[in-house]
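# Per-entry structural report
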Amino acid sequence: MNNQIPQNISAVNTRKKTSLLSFMNRLLMITFMTVLLQACQSDADTESTDIIQTVAYSTDDGRGILSNDDQYELLLRADSTYLTLEDDISDITIQGDGNYLVIDSDTNINEINIIGNDNIITVANDVDLTINLLNLIGNGNSVVVFKITTYNQTSDANAPENLACEASDNGFCF
């Protein structure tokens, strides 16, 4: 009878050790998965803020207001369009002719490329807009803003239509 009691106690101790090891393994696995999921979620959150939406506008003779909850770039492929641009604009590319754009609230635009001819970009009252890079490729374009950091003109610089712009209350005028 003495032999049976220690064997039963030994069997109970072994089961407890096995259960404890199993519990520890599960706890470590849950901890690891929790940390991994938090890291994945953090990466997803930072990526979504880096995404810049492209808004393509191609309606000739159109009038309207463009706004977007997220940062966006405008690709204008229209002629004779009057647009008011609101919110956070990263870049503007104008491929059409005779367009008129009013920047309503943004104070900093990374890049503006004007490939078309006879386009005008101006700002609403009390908006001090800074453009980091302005590229004028077409002829007869006018840009009235507060500050331009870098300016490139590949069109005919001596053509009078490229220089025809009244002095701006806000600052620079090209």
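Residues numbered from 1 in each chain as written. Predicted model: local features only at pLDDT ≥ 70, side-chain atom pairs only at ≥ 80, totals over all residues. Heavy atoms only, no water.

### Quick word on a nonpolar patch on the surface
The test is simple: The residues that make up patches have over 30% relative accessible area and no salt bridge, and they are joined within 9 Å when like-charged or within 5 Å when they are Val, Leu, Ile, Met, Phe, Trp or Tyr. Areas reported here follow the Shrake-Rupley algorithm with a probe of radius 1.4 Å; residue values treat only the protein chains shown as occluding. By definition here, a salt bridge exists when the distance from a side-chain nitrogen of Lys or Arg to a carboxyl oxygen of Asp or Glu is within 4 Å. Where helices and strands are cited, they refer to DSSP runs of H or I of at least four residues and of E of at least two residues respectively, numbered from the N terminus. For every residue, the accessible area obtained with a 1.4 Å probe (protein chains only) is divided by the maximum for its type, and the residue is called buried under 20%, exposed over 50%, and partly exposed between those limits.
On the surface, a nonpolar cluster with roughly 400 Å² of combined accessible area is contributed by Leu20, Phe23, Met24 and Leu27. Relative to the elements of secondary structure, Met24 occurs in helix H1 (residues 4-50). Judged by its relative accessible area of 40%, Met24 is partly exposed.

### Points about the sheet that holds strand S1 (residues 53-57)
By definition, the strands of a sheet pair up through backbone hydrogen bonds, in either a parallel or an antiparallel sense. Counted only if it meets this: Two strands make a pair as long as DSSP finds a minimum of two bridges between them. Where helices are involved, their axes are fitted lines through C-alpha atoms of the stretch in contact, as for all axes, and angles between N-to-C directions lie from 0 to 180°.
The strand order S1-S3-S5-S7-S9-S11 describes an open sheet built from six strands, whose pairing is parallel. With one partner strand each, in any of the chains shown, S1 and strand S11 (147-153) form the two edges of the open sheet. Here the strands of the sheet are splayed against their neighbours by 10° on average, with no regard to which way each runs. Two strands pair when backbone bridges link them, and strand S7 (residues 108-114) and strand S9 (residues 130-136) are joined in this way by six bridges, in the parallel orientation. Bridge pairing links Ile109 to Ile131 in S9.

### Topic: the side chain of Thr84
Our working definition: In what follows, a contact means two residues having at least one pair of non-hydrogen atoms within 4.5 Å.
Structurally, Thr84 is set in strand S4 (residues 82-85). Once residues lying within four places of it in the same chain are set aside, the contact partners of Thr84 are Gly64, Ile65, Leu66, Val102 and Asp104.

### Structural notes on the environment of Tyr57
In this structure, Tyr57 sits in strand S1. For the pair Tyr57 and Arg77, spaced 20 residues apart in sequence, the C-alpha separation works out to 6.0 Å. Other than its neighbours up to four places away in sequence, Tyr57 contacts Gly62, Arg63, Leu66, Leu74, Leu75, Leu76, Arg77, Ala78, Thr81 and Leu83.

### So, the pairing of S4
Every other side chain in a regular strand lies on the same face of the sheet, so the side chains alternate between the two faces. Inspection of the sheet shows strand S2 (residues 63-66) paired to S4 by four bridges, in the parallel sense. Its bridge partner lying in S4, Gly64 is registered against Leu83. Relative to strand S6 (residues 100-103), S4 is paired through four bridges, and the arrangement is parallel. Paired with Leu83 across the strands is Leu101, a residue of S6.

### Observations concerning the confidence of the model for the protein
For the record, the criterion: On a range of 0 to 100, pLDDT expresses the predictor's confidence in each residue.
Taken residue by residue, the protein gives an average pLDDT of 76. The fraction at 70 or more is 67%. For the stretch residues 42-48, pLDDT sits under 50, and the model shows zero contacts to residues farther than four places along the chain or on other chains. For the stretch residues 157-172, pLDDT sits under 50, and the model shows 32 contacts to residues farther than four places along the chain or on other chains.

### Brief notes about the nonpolar core
Applied cut-off: By nonpolar core is meant a set of buried Ala, Val, Leu, Ile, Met, Phe, Trp, Tyr and Cys residues that side-chain atoms within 4.5 Å join together.
Among the nonpolar cores identified, the biggest contains 28 residues, and Leu85, Ile92, Leu101 and Ile103 are the most heavily contacted of them. With residues near it in sequence (within four places) discarded, Leu85 still touches Leu66, Tyr72, Leu74, Ile92, Leu101, Val102, Ile103, Asp104 and Ser105.

### With respect to the packing of aromatic side chains
Selection rule: Note on ring pairs: Phe, Tyr and Trp rings are taken, using the six-membered ring of Trp, and paired if centres are within 6.5 Å. Classes follow the plane angle, with under 30 degrees stacked, over 60 edge-to-face and the rest tilted. Consider the ring centre and the ring normal. A charge sits over the ring if Lys NZ or Arg CZ is within 6 Å of that centre and within 35 degrees of that normal.
The final tally for this structure, using the stated rule, is one aromatic pair. Between Tyr82 and Tyr100, the aromatic rings sit 5.1 Å apart at their centres with planes inclined by 5°, giving stacked as the arrangement. Taken together, the residues span a long stretch of sequence, with Tyr82 in strand S4 and Tyr100 in strand S6 at a distance of 18 residues. For Tyr82, a relative accessible area of 28% corresponds to the partly exposed category. Over the aromatic face of Tyr82 sits the side chain of Arg63, whose NZ or CZ is 4.5 Å from the ring centroid.

### Remarks on a negative patch on the surface
The line we're drawing: All tallies of charge rest on Lys and Arg as positive and Asp and Glu as negative; His and the ends of each chain are not included. For the purpose of locating charges, the reference atoms are NZ of Lys, CZ of Arg, CG of Asp and CD of Glu.
Where like charges cluster on the molecular surface, the negative patch consists of Asp60, Asp61, Asp79, Asp97 and Asp118. Tracing the backbone shows Asp97 in the loop between strand S5 (89-94) and S6.

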